[in-house]
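Geometric and topological summary
In case you want the letters, here they are:
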Amino acid sequence: MLYSVTATNQEGIHGKVALSSKKVVQTAHPLSKDEGLNPEELMATAWATCLNATIQACLKNQEQTRQSRVDVTCELHRETTMLTGYFFQVNARASIEGLALEEAESIVDLAHSRCPISKLMVHSQTLSLQTVKWEL
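Residues numbered from 1 in each chain as written. Predicted model: local features only at pLDDT ≥ 70, side-chain atom pairs only at ≥ 80, totals over all residues. Heavy atoms only, no water.

The subject of this paragraph is the overall build of the protein chain. For the protein chain, the count of helices and strands is three helices and six strands. Across the protein chain, helices and strands are ordered from the amino to the carboxyl terminus as β-β-β-α-β-β-α-α-β. Each principal axis of the C-alpha distribution contributes one length, and for the protein chain these read about 45 × 40 × 30 Å. Out of the 136 residues in the protein chain, the part that is buried amounts to 31%. A separation threshold of at least 6 residues defines the contact pool for the protein chain, and within that pool the share at least 24 residues apart is 48%. When the accessible surface of the protein chain is summed, it comes to about 9,500 Å², and 53% of that surface belongs to carbon and sulfur atoms. Taking the average location of the 12 positive side-chain charges in the protein chain and that of its 15 negative ones, the two points are 6 Å from each other. (Helix = DSSP H or I, 4+ residues; strand = E, 2+ residues; numbered from the N terminus. Buried < 20%, exposed > 50% of the residue type's maximum accessible area, 1.4 Å probe, protein only. Contact = heavy atoms within 4.5 Å. Areas by Shrake-Rupley, 256 points an atom, 1.4 Å probe, with all protein chains shown as cover. Lys, Arg positive; Asp, Glu negative; His and termini not counted. Charge placed at Lys NZ, Arg CZ, Asp CG, Glu CD.)

See below:
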């Protein structure tokens, strides 16, 4: 094992999450104006960070020093088939500076197959990943 962390939540969506790394994350409901991160923000942050870090590692393995970018949108939806269920629709857009779209897509696909967060979500029906042309 390279690293391990445990998150403990005793207060639900309004409160704090304590991490075994001694950090504390303030949480808040996504529809409130309270300070704190919500699950949608944490999900988007986790995948954007992990996938982009993996893209950067793939580029480094190919001895390329290009910028890359991953934008992740995490939407909360109400289930239409259940009265009280919810789901996340998670959409990512990735781009790599200075590469043709086909080349960038190849690296993004490779990174997606290696990224730990992507591996957790790969079989989700509410997940999309699109490679797009680089723009600042």
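Structurally, the position occupied by serine 118 is in helix α3 (residues 116-121). Here tryptophan 47 takes part through its side chain, which lies 2.8 Å from a polar atom of the side chain of serine 118. Not counting the four nearest positions on each side in its chain, serine 118 is found in contact with Trp47, Leu51 and His112. (Polar contact = N/O pair within 3.5 Å; in protein donor to acceptor, adjacent residues only side chain to side chain.)

All right, on to the sheet that holds strand β6 (residues 127-131) then. Read across the open sheet, the three strands follow the order β4-β5-β6; overall the sheet is mixed. Of all the strands in the sheet, just β4 (68-78) and β6 have a single pairing partner and so form its edges. When the angles between neighbouring strand axes are averaged without regard to direction, this sheet yields 15°. By the bridge criterion, eleven bridges tie β4 to strand β5 (residues 86-96) in an arrangement that is antiparallel. Within β5, the position partnered with valine 72 by the bridge is alanine 92. Sheet strands touched by helix α2 (residues 101-114): β5 and β6. Its angle to β6, the strand with the most contacts, is close to 145°. (Pairing = 2+ DSSP bridges. Axes fitted to C-alpha atoms, helices over the stretch in contact; angles between N-to-C directions.)

Turning our eyes to something else, we now look at the pattern of salt bridges. Per the counting criterion, the structure on display carries one salt bridge. Between arginine 69 and aspartate 71 there is a salt bridge, and its shortest N-O distance comes to 3.1 Å. (Salt bridge = Lys/Arg side-chain N within 4 Å of Asp/Glu carboxyl O.)

With antiparallel pairing, three strands are arranged side by side in an open sheet as β1-β2-β3. Since the sheet does not close on itself, it has two edges, and those belong to β1 (7-9) and β3 (24-27), each with one partner. Mean inter-strand twist for the sheet, computed between neighbouring axes without regard to direction, equals 25°. Across four bridges, strand β2 (residues 15-19) lies against β3 in antiparallel orientation. For glycine 15, the partnering residue across the bridge sits in β3 and is threonine 27.

What is shown is where atoms sit, not what they do.
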